[in-house]
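A closer look at the structure
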Amino acid sequence: MIDVTRMNGTVLTVNTDLIEFVEETPDTVITLTTGRKIIVKESRQEIKNLVKLYKKEIYCNI
């Protein structure tokens, strides 16, 4: 799971397995497999890096 910041400044933890795609329009929008959309302050690249770091942490410790 990764922590992201909503536009109002609150922090939200997102399950990376539910992320369908991330787009910048120009705000960063995370679309989940449930259809829910979350607008966050982090860039698309930052989200990508957070997901990669999380997955690396999970799978390298098996």
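Refer to the structure presented above.
Quick summary incoming for the structure in this document. The shown structure was predicted, so the numbers you read here are calculated from the model rather than taken from an experiment.

**Some details on the environment of glycine 9**
Take glycine 9: it is sitting in the loop between β1 (2–5) and β2 (11–14). Considered as a pair, glycine 9 and tyrosine 54 are 45 residues apart in the sequence and their alpha carbons are 22 Å apart.

**Examining the environment of threonine 34**
Residue position: threonine 34 is located in the loop between β4 (28–32) and β5 (37–40). Along the primary structure threonine 34 and tyrosine 59 are separated by 25 residues, whereas in three dimensions their C-alpha atoms are 25 Å apart.

**Thoughts on the pairing of β1**
The side chains of a regular strand alternate, first on one face of the sheet and then on the other. Pairing analysis gives 4 bridges linking β1 to β2, with the strands arranged antiparallel. The residue of β2 that forms the bridge with aspartate 3 is threonine 13. Count of turn residues in the β1/β2 antiparallel hairpin: 5 residues, of which glycine 9 carries a positive phi of about 95°.

**What about the nonpolar core?**
Formed by Ile2, Val4, Leu12, Val14, Ile19, Ile30, Leu32, Ile38, Val40 and Ile47, the largest nonpolar core amounts to 10 residues. Counting only elements with at least two residues in this core, the list comes to β1, β2, β4 and β5.

**Overview of the sheet that holds β4**
Pairing within the open sheet is antiparallel, and its 3 strands lie in the order β3-β4-β5. In this open sheet, the two edge strands, each paired with only one partner strand, are β3 (19–24) and β5. Adjacent strand axes in the sheet meet at a mean angle of 20°, parallel and antiparallel pairs treated alike. Against the sheet, helix α1 (residues 44–60) makes contact with β3, β4 and β5, and its axis sits at roughly 150° relative to β3, the strand it touches most.

**Observations concerning the pattern of salt bridges**
According to the stated counting rule, one finds 1 salt bridge in the structure shown. For lysine 55, the salt bridge is made with aspartate 17, and the minimal N-O distance between the two is 2.8 Å. Residue lysine 55 is located in helix α1, and its partner aspartate 17 is located in the loop between β2 and β3; the two are separated by 38 residues in the primary sequence. Of the residues examined, lysine 55 reaches a relative accessible area of 24% and is grouped as partly exposed.

So, how was this worked out
- Residues numbered from 1 in each chain as written.
- Predicted model: local features only at pLDDT ≥ 70, side-chain atom pairs only at ≥ 80, totals over all residues.
- Heavy atoms only, no water.
- Helix = DSSP H or I, 4+ residues; strand = E, 2+ residues; numbered from the N terminus.
- Pairing = 2+ DSSP bridges.
- Core = buried A, V, L, I, M, F, W, Y, C linked by side-chain atoms within 4.5 Å.
- Buried < 20%, exposed > 50% of the residue type's maximum accessible area, 1.4 Å probe, protein only.
- Axes fitted to C-alpha atoms, helices over the stretch in contact; angles between N-to-C directions.
- Contact = heavy atoms within 4.5 Å.
- Salt bridge = Lys/Arg side-chain N within 4 Å of Asp/Glu carboxyl O.

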